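Structural overview for review
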Amino acid sequence: MGSAKKSSNAERKARIEQMRRAEQARERRNRILVIAASVVVVAGLVVGGVALVKKGSGDDTAAADAKTSGHFVAGKDGVNTWKGTLGRTHVTTAVHYPTEPPVGGNHNPVWQNCNGDVYTEALDNMNAVHSLEHGAVWVTYNSKAKKADVDALAAKVKQTPYTLMSPDDKQKDPIMLTAWAHQRTVTGADDPNVGKFFEEFVQGKQTPEPGAACTGGKGQ
């Protein structure tokens, strides 16, 4: 049993590392494309494209918000799973999520960097939700969390690709773990459910866009 688990962990780490290398290569290609595309975009804006873009963004937001509905179903393992629809439209106007932190829904076109990134300030939910779509696990804590737990969790996140961490004083529990459509509360950094959640949901089966970038997005 132990041997099988070690083999599974090794395969998972190898898969994530392979995704990481592919992501870096993709970013190099994207930088070239962005430079070329920006010239076209600027030209379009000069001739009046701004108004059309703003109008389109607003329409997309109104239509996509209506697609997000459902509720949490509590599992025996302590993980709450969202049952219903989670929008995945890229929008630029504010989205009001039914949970805090959110577990999915319409989000900003730019993801929050989630390559083991630890943030000391609250994030814009719209960017973090995009990271969840890419298969990241988001660790959040409020002012009731113990400093020792925050420090220990930060160390774990820094060692784990496709994770990010930030404070969130709007959440109800001291420490929470979130993945796309999944969320749970943990008692502290030494809670064994932390490792279980990471193992299952970092680039897990719930990921809408497995292997998508977790770098090259928005930093703090």
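Below you will find a few notes about this structure. (Residues numbered from 1 in each chain as written. Predicted model: local features only at pLDDT ≥ 70, side-chain atom pairs only at ≥ 80, totals over all residues. Heavy atoms only, no water.)

**Describing the nonpolar core**
Applied cut-off: Joining through side-chain atoms within 4.5 Å is the link that ties buried Ala, Val, Leu, Ile, Met, Phe, Trp, Tyr and Cys residues into a set, and such a set is a nonpolar core. When accessible area is computed with a 1.4 Å probe and restricted to protein chains, residues below 20% of their type maximum are described as buried, those above 50% as exposed, and intermediate ones as partly exposed. Each helix is a run of DSSP H or I of at least 4 residues and each strand a run of E of at least 2, with the numbering of both proceeding from the N terminus. By definition in these notes, contact holds between two residues if any of their heavy atoms fall within 4.5 Å.
Counting 40 residues, the largest nonpolar core has V137, V139, L164, M165, F197 and F198 as its most contacted members. Contributions of two or more residues to this core are made by α2 (125-133), β4 (137-141), α3 (147-158), β5 (163-167), β6 (175-179) and α4 (192-201). Once residues within four sequence positions are removed from consideration, V137 is found in contact with Y162, T163, L164, T178, A179, F197, F198, F201 and V202.

**Comments concerning the side chain of Q183**
Of note, Q183 is situated in strand β7 (residues 182-185). Apart from the residues lying within four places of it in its own chain, the contact partners of Q183 are F72, G78, V79, N80, P101, V103, M176, L177, T178 and F197.

**Digging into the packing of aromatic side chains**
Filter applied, for reference: Only the six-membered ring of Trp is used, alongside the rings of Phe and Tyr, when aromatic pairs are assigned; centres must lie within 6.5 Å, and planes under 30 degrees apart are stacked while those over 60 apart are edge-to-face, with the rest tilted. As a reminder, the over-ring test applies to NZ of lysine and CZ of arginine, requiring each to be within 6 Å of the ring centre and within 35 degrees of the ring normal.
Applying the stated criterion across every chain, the model contains two aromatic pairs. Taking 4.6 Å as the distance between ring centres and 50° as the angle between the ring planes, the aromatic pair formed by F197 and F201 counts as tilted. A residue pair is termed a helical-turn pair when its members lie 3 or 4 positions apart in one helix, as F197 and F201 do in helix α4 at four residues. The ring of F198 is capped by K156, whose NZ or CZ atom sits 4.9 Å from the centre of that ring.

Functional significance is not addressed by these values, which are geometric in nature.
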